[in-house]
Amino acid sequence: GDSVTQMEGPVTLSEEAFLTINCTYTATGYPSLFWYVQYPGEGLQLLLKATKADDKGSNKGFEATYRKETTSFHLEKGSVQVSDSAVYFCALSLGTYKYIFGTGTRLKVLA
Amino acid sequence: DAGVIQSPRHEVTEMGQEVTLRCKPISGHDYLFWYRQTMMRGLELLIYFNNNVPIDDSGMPEDRFSAKMPNASFSTLKIQPSEPRDSAVYFCASSLSFGLNTGELFFGEGSRLTVL
């Protein structure tokens, strides 16, 4: 079945470090791919998305590229800040409005 | 613009009691979703509606759970009777459809339920 696998956390980094959170997916069709972020005590909010192969989504310094050949959508940021501390969810959807979310990766950035 | 509004933010109840969670989606959105988040199972889709009609309720855990959407601006998720294993954060989300690609989901802040 369709699924999303993302790296387990927590990920702890120092401020200004480089961030990568891995995400791979399995899908029967051509999904849209998303990264959502959840700050403490809040709901999820869309961080970035990509709807077809080779698309790059970007927002707030975060980037992810839709790689069909490796079925991946890894999240990267060149220099993290303390304010980036949150839980990050990779997700896919095949246009049926039934999103499939990964288990989430907690990021903690230390000053 | 107001986002998705959920109430209550926190609910503590005793086993066997009825719990009703409420959601007001973003005006104009035609899809509404109920999710449950726990440490063990992560984020699970319980049910979703399109134009107030339930489309897929296969994620509803059992008959103790029911959801309604009487109009475009209001939905409820009811648990009767509640059990300790229902303790979780329940999220409501809404979205606007466009073509074959799914749109962004807009989440409320969640209702944290604790069943003692």
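Residues numbered from 1 in each chain as written. Chains lettered and ligands numbered in written order. Predicted model: local features only at pLDDT ≥ 70, side-chain atom pairs only at ≥ 80, totals over all residues. Heavy atoms only, no water.

Enquirer: Give me the overall build of chain A: which residues, what numbers.
Expert: Counting its regular elements, chain A contains 0 helices and 12 strands. N-terminal to C-terminal, the α/β element order of chain A is β-β-β-β-β-β-β-β-β-β-β-β. Computed over its C-alpha atoms, the radius of gyration of chain A comes to 13 Å, within 12% of the 13 Å expected for a compact globule of 111 residues. If one aligns the C-alpha atoms of chain A with their principal axes, the spans along those axes are about 40 × 25 × 20 Å. Classification of the 111 residues of chain A by burial places 45% in the buried group. Considering only contacts in chain A between residues 6 or more positions apart, those separated by 24 or more positions represent 55%. Element-wise, carbon and sulfur atoms account for 48% of the exposed surface of chain A, whose accessible area totals about 5200 Å². Positive and negative charge centroids in chain A, built from 10 and 11 side chains respectively, lie 5 Å apart. (Helix = DSSP H or I, 4+ residues; strand = E, 2+ residues; numbered from the N terminus. Rg over C-alpha atoms; globule rule 2.2 N^0.38 Å. Buried < 20%, exposed > 50% of the residue type's maximum accessible area, 1.4 Å probe, protein only. Contact = heavy atoms within 4.5 Å. Areas by Shrake-Rupley, 256 points an atom, 1.4 Å probe, with all protein chains shown as cover. Lys, Arg positive; Asp, Glu negative; His and termini not counted. Charge placed at Lys NZ, Arg CZ, Asp CG, Glu CD.)

Enquirer: Lay out the interface of chain B and chain A with the relevant residues and their values.
Expert: Each side of the interface is counted separately: chain B has 24 residues, and chain A has 19 residues. Counting across the interface, chain B meets chain A through 0 salt bridges. Summed over the shared surface of chain B and chain A, the result is 3 residue pairs in polar contact (both at pLDDT 80 or more). Elements that contribute at least two residues to the side of chain B that touches chain A include exactly strand S4 (31–38), strand S5 (42–50) and strand S9 (88–95) of chain B. Sort the elements by how many residues they give to the side of chain B that touches chain A and S4(B) lands first, with 4 residues. By residue class, the composition of the side of chain B that touches chain A is 12 nonpolar, 8 polar and 4 charged. (Salt bridge = Lys/Arg side-chain N within 4 Å of Asp/Glu carboxyl O. Polar contact = N/O pair within 3.5 Å; in protein donor to acceptor, adjacent residues only side chain to side chain. Nonpolar A, V, L, I, M, F, W, Y, C, P; charged D, E, K, R; others polar.)

Enquirer: Go over the sheet that holds strand S1 (residues 5–7) of chain B with me, naming the residues and quoting the values.
Expert: Residues and elements named next belong to chain B. In spatial order, the strands read S1-S3-S8-S7; together these 4 strands make up an open sheet with antiparallel pairing. In this open sheet, the two edge strands, each paired with only one partner strand, are S1 and strand S7 (65–71). Each neighbouring strand pair of the sheet contributes to a mean axis angle of 15°, computed without reference to strand direction. Note: S7 against strand S8 (residues 74–79), 5 bridges, orientation antiparallel. Of the residues in S8, the one forming a bridge with Lys68 is Thr76. (Pairing = 2+ DSSP bridges. Axes fitted to C-alpha atoms, helices over the stretch in contact; angles between N-to-C directions.)

Enquirer: Can you lay out the environment of Asn59(A) for me, pointing to particular residues and giving the numbers?
Expert: Residue and element names in this part refer to chain A. In this fold, Asn59 is placed in strand S7 (residues 56–59). For Asn59, a relative accessible area of 29% translates into the label partly exposed. The sequence separation of Asn59 and Gly1 amounts to 58 residues, and the corresponding C-alpha distance is 30 Å. Residues within four places of Asn59 in sequence aside, it is in contact with Leu46, Leu47 and Leu48. Within polar-contact distance, the side chain of Asn59 engages the backbone oxygen of Leu47 at 2.9 Å.

Enquirer: Break down the pattern of salt bridges for me, citing the residues and quoting the values.
Expert: Residue and element names in this part refer to chain B. All told, the structure shown has 12 salt bridges over all chains when counted by the stated rule. For the salt bridge of Glu83 with Arg85, the shortest nitrogen-to-oxygen distance reads 2.6 Å. A cluster of three or more residues bridged by salt bridges with shared partners is formed by Glu62, Arg64, Glu83, Arg85 and Asp86.

Enquirer: Please give an account of the sheet that holds strand S9 (residues 75–77) of chain A that cites residues and values.
Expert: Residue and element names in this part refer to chain A. If you walk across this open sheet you meet the 4 strands as S3-S9-S8-S7, and the pairing is antiparallel. Two strands close off the open sheet at either side, each with one partner strand: strand S3 (19–21) and S7. Neighbour-to-neighbour, the strand axes of this sheet turn through a mean angle of 15°, independent of strand direction. Pairing geometry for S7 and strand S8 (residues 62–65), over 4 bridges, is antiparallel.

Enquirer: Could you give an account of the state of the cysteines, with specific residues and numbers?
Expert: Tallying each qualifying case throughout the model produces 2 disulfides over all chains. Between the sulfur atoms of Cys23(A) and its disulfide mate Cys90(A) the distance is 1.9 Å. Since a negative S-S torsion denotes a left-handed disulfide, the Cys23(A)-Cys90(A) link at about -70° is left-handed. Here Cys23(A) is found in strand S4 (residues 23–26), whereas its partner Cys90(A) is found in strand S10 (residues 86–93), with 67 residues between them in sequence. Taken as a pair, Cys23(A) and Cys90(A) share a single burial class, namely buried. Covalent S-S linkage joins Cys23(B) and Cys92(B), the inter-sulfur distance amounting to 1.9 Å. (Disulfide = S-S within 2.5 Å.)

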